[in-house]
Amino acid sequence: MTEAILLVGGKGTRLRPLTVHTPKPMVPAAGVPFLTHQLARARAAGVEHIVLATSYLAEVFEPYFGDGAALGLHIEYVTEEEPLGTGGAIRNVAARLHSGPDDPVLVFNGDILTGLDIAALVATHESTSADVSLHLTQVTDPRAYGLVPTDGTGRVLAFLEKPQTPEEIVTDQINAGAYVFRRSVIDTIPAGRPVSVERETFPELLAAGAHLQGMVDSTYWLDLGTPAAFVRGSADLVLGRAPSPAVPGRCGDRLVLPTARVAADAKLTGGTVVGEGAFVAEGARVFGSTILPGAVIEPGAVITDSLIGNRARVGERSVLTGTVIGDGAVIGADNELREGARVWCDAMIPAGAVRFSSDQ
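Treat the numbers as computed from the prediction; the structure is a model and nothing was measured.

Participant: Kindly report on the overall build of the protein chain, identifying the contributing residues and their values.
Facilitator: When helices and strands are tallied, the protein chain shows seven helices and 28 strands. For 360 residues, the compact-globule formula gives about 21 Å, and the C-alpha radius of gyration of the protein chain, at 22 Å, lands near that figure. Projected onto the principal axes, the alpha-carbon positions of the protein chain cover approximately 70 × 50 × 35 Å. A buried classification covers 56% of the 360 residues belonging to the protein chain. Each charge class in the protein chain can be summarised by its mean position, and for the 28 positive and 41 negative side chains these summaries are 5 Å apart.

Participant: Any chance you could break down the pattern of salt bridges for me, citing the residues and the numbers?
Facilitator: Side-chain pairing between opposite charges can occur once the charged atoms of the two side chains come close. A complete count under the given rule lists 13 salt bridges for this structure. The partner of R182 in a salt bridge is D131, and the shortest N-O contact between them spans 3.2 Å. Of this pair, R182 sits in strand β9 (residues 173-182) while D131 is found in the loop between α4 (118-127) and β8 (132-138), placing the two residues 51 residues apart along the sequence. Its relative accessible area of 17% is what places R182 among the buried residues. Taking the shortest distance from any N to any O, the salt bridge between E316 and R317 comes out at 3.4 Å. Note on R317: relative accessible area 44%, which makes it partly exposed. A single network of salt bridges, built from pairs that share partners, joins D102, D131 and R182.

Participant: Which residues make up the packing of aromatic side chains, and what values do they have?
Facilitator: All chains considered together, the criterion is met by seven aromatic pairs. Through a chain of ring-to-ring contacts, the aromatic side chains of F159, Y179, F181 and F202 assemble into a single cluster. Across the ring face of F279, the terminal group of R261 is positioned such that the distance to the ring centre comes to 4.4 Å.

Participant: Provide a residue-level description of the nonpolar core, including the pertinent values.
Facilitator: I5, I90, V132, L134, F181, F202 and L212 are the most contacted members of the largest nonpolar core, which totals 29 residues. For this core, the secondary-structure elements that each account for two or more residues are β1 (3-7), β4 (49-54), α3 (85-92), β6 (104-109), β8, β9, α5 (183-186) and α6 (197-207).

Participant: Got a sec to walk through the pairing of β8? Specific residues and values, please.
Facilitator: In terms of burial, β8 is largely enclosed, as six of its seven residues are buried. Strand direction decides the pairing type here: β8 and β9, joined by six bridges, are antiparallel. Bridging from a neighbouring strand, Q138 pairs with Q173 of β9. Here five bridges tie β8 to strand β10 (residues 212-216), and the two strands are oriented parallel to one another. Directly across from V132, in β10, lies its bridge partner L212.

Participant: Can you explain the sheet that holds strand β17 (residues 285-287)? Please cite residues and give values.
Facilitator: Strand pairing in a sheet is mediated by backbone hydrogen bonds. Such pairs are either parallel or antiparallel. Reading across the sheet, the five strands line up as β14-β17-β20-β23-β26 and stay open at both edges, with parallel pairing between neighbours. Among the strands making up the open sheet, the edge pair consists of β14 (267-269) and β26 (336-337). Pairing of strand β20 (residues 302-304) with strand β23 (residues 319-321) involves three bridges; the strand directions are parallel. Paired with V302 across the strands is V319, a residue of β23.

Participant: Outline the sheet that holds strand β21 (residues 307-308), listing residues and values.
Facilitator: A sheet is described by the order of its strands in space; here six strands give the open sequence β12-β15-β18-β21-β24-β27, paired in parallel fashion. Whereas interior strands pair on both sides, the edge strands pair on one side only; in this sheet they are β12 (254-256) and β27 (342-343). Here strand β15 (residues 272-274) pairs with strand β18 (residues 290-291) via two bridges, running parallel. What sits directly across from V273, in β18, is T290.

Participant: Before we move on, can you summarise the environment of E161 with the specific residues and values?
Facilitator: With respect to the helices and strands, E161 occurs in the loop between β8 and β9. With sequence-adjacent residues up to four places away left out, E161 is seen in contact with Y145, G146, E198 and R199.

Participant: Before we move on, could you go through α6 and cite the residues and values that matter?
Facilitator: Residues of α6 that are buried include every one of V197, E198, E200, T201, F202 and L205, and no others. Following α6 by one or two positions, G209 adopts a phi angle in the positive range, close to 90°.

Participant: Help me get a handle on the UniProt feature "domain: Mannose-1-phosphate guanyltransferase C-terminal" (unreviewed entry) in the protein chain, residues and values and all.
Facilitator: UniProt tags residues 252-332 as "domain: Mannose-1-phosphate guanyltransferase C-terminal" (unreviewed entry). End C-alpha to end C-alpha, residues 252-332 measures 31 Å, and it is 0% helix and 42% strand.

Participant: Run through the side chain of D217, naming residues and quoting values.
Facilitator: Following the sequence through the fold, D217 ends up in the loop between β10 and β11 (221-223). One buried charged residue, D217, remains without a salt bridge, the closest side chain of opposite sign being R41 at 7.5 Å. A distance of 2.5 Å separates the side chain of D217 from the side chain of T219, its partner in a polar contact. Dropping the residues within four chain positions of it, D217 is found in contact with L116, D117, H135, L136 and T137.

Participant: Go over the side chain of R41 with me, naming the residues and quoting the values.
Facilitator: Locating R41 in the fold gives a position in helix α1 (residues 34-44). Although R41 is buried, it makes no salt bridge; D117 carries the closest opposite charge, 7.0 Å away. In this structure, R41 is in contact with T114, G115, L116, I118, P243, S244 and P245, ignoring residues within four places of it in sequence.

Criteria and cut-off values
Residues numbered from 1 in each chain as written. Predicted model: local features only at pLDDT ≥ 70, side-chain atom pairs only at ≥ 80, totals over all residues. Heavy atoms only, no water. Helix = DSSP H or I, 4+ residues; strand = E, 2+ residues; numbered from the N terminus. Rg over C-alpha atoms; globule rule 2.2 N^0.38 Å. Buried < 20%, exposed > 50% of the residue type's maximum accessible area, 1.4 Å probe, protein only. Lys, Arg positive; Asp, Glu negative; His and termini not counted. Charge placed at Lys NZ, Arg CZ, Asp CG, Glu CD. Salt bridge = Lys/Arg side-chain N within 4 Å of Asp/Glu carboxyl O. Phe/Tyr/Trp six-rings, centres within 6.5 Å; stacked < 30°, edge-to-face > 60°. Lys NZ or Arg CZ within 6 Å of the ring centre and 35° of its normal. Core = buried A, V, L, I, M, F, W, Y, C linked by side-chain atoms within 4.5 Å. Pairing = 2+ DSSP bridges. Contact = heavy atoms within 4.5 Å. UniProt positions renumbered as here; feature names shortened; annotations may be inferred. Polar contact = N/O pair within 3.5 Å; in protein donor to acceptor, adjacent residues only side chain to side chain.

Quick look at the structure:
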């Protein structure tokens, strides 16, 4: 298999303010744009030609990745003028594919971090002569996902949207967002209008008698759609829990990029990343967090499970837990921000303005 489509057009609204200036696949995870990890894993599995289906901030991708040669790939770019959904995006790039009608085409969602055995999914697709094969993963609580029950041979029986009652939970298998399409099946997706593969294409193929095959692979899998998940995914890449050949350094407790500066007595643990040109001052403690390029962490600040945007600043002794600080924002000294807080780009919080405990 030599071709793949990567769906990278989403606005990433759940990740704002990280995605105000940056499309979701280009937000850095473990020191490089998240998309780099997906491209590198696809190349390692034998993919040579990738078409990026872009939409939101589409102009950002090509200047960074170019023709893909640096990654050993041939990358092309197709931009949607209007959002077309997952199925519409796949159909919209079909003209750029080189595969024959029966050849397999891999499709990735641009916000899933996974240890999927890509070659095994393709092998399953070919050995079962499927029209579409889906990566399925097992989750403890499937209520937030679409369920995909299969028979004893792995053939898909149904697509069940987000179950709400115990009786509706007939399986713990969910659609994990990676597919192999028979090339000719892509041409059956309606062109020029929004289409969801999950809600329209797959159920209609099943109703028409097509062979949809599921392959359960319950290695590492994480939907990076929320800030907390994105921060965790980046830390897991640094720690080596999530596999990627694109991590720019050895796996371990911390990843400090070459032009970053970290004071000798600052403590970085839990898969923390310090980006290019960032500075972590003396006495600061950073656990499981991402410090993006140019950000400054002042003396004595304590940051846990958080993401600090490009050129943002966190003041002395401020304590941040489970928060996202947008690009260029300034958090003054002696503030406390807790889980779920999002500070927008270029915002300024004065010293001691937000606290959950006494100032004594």
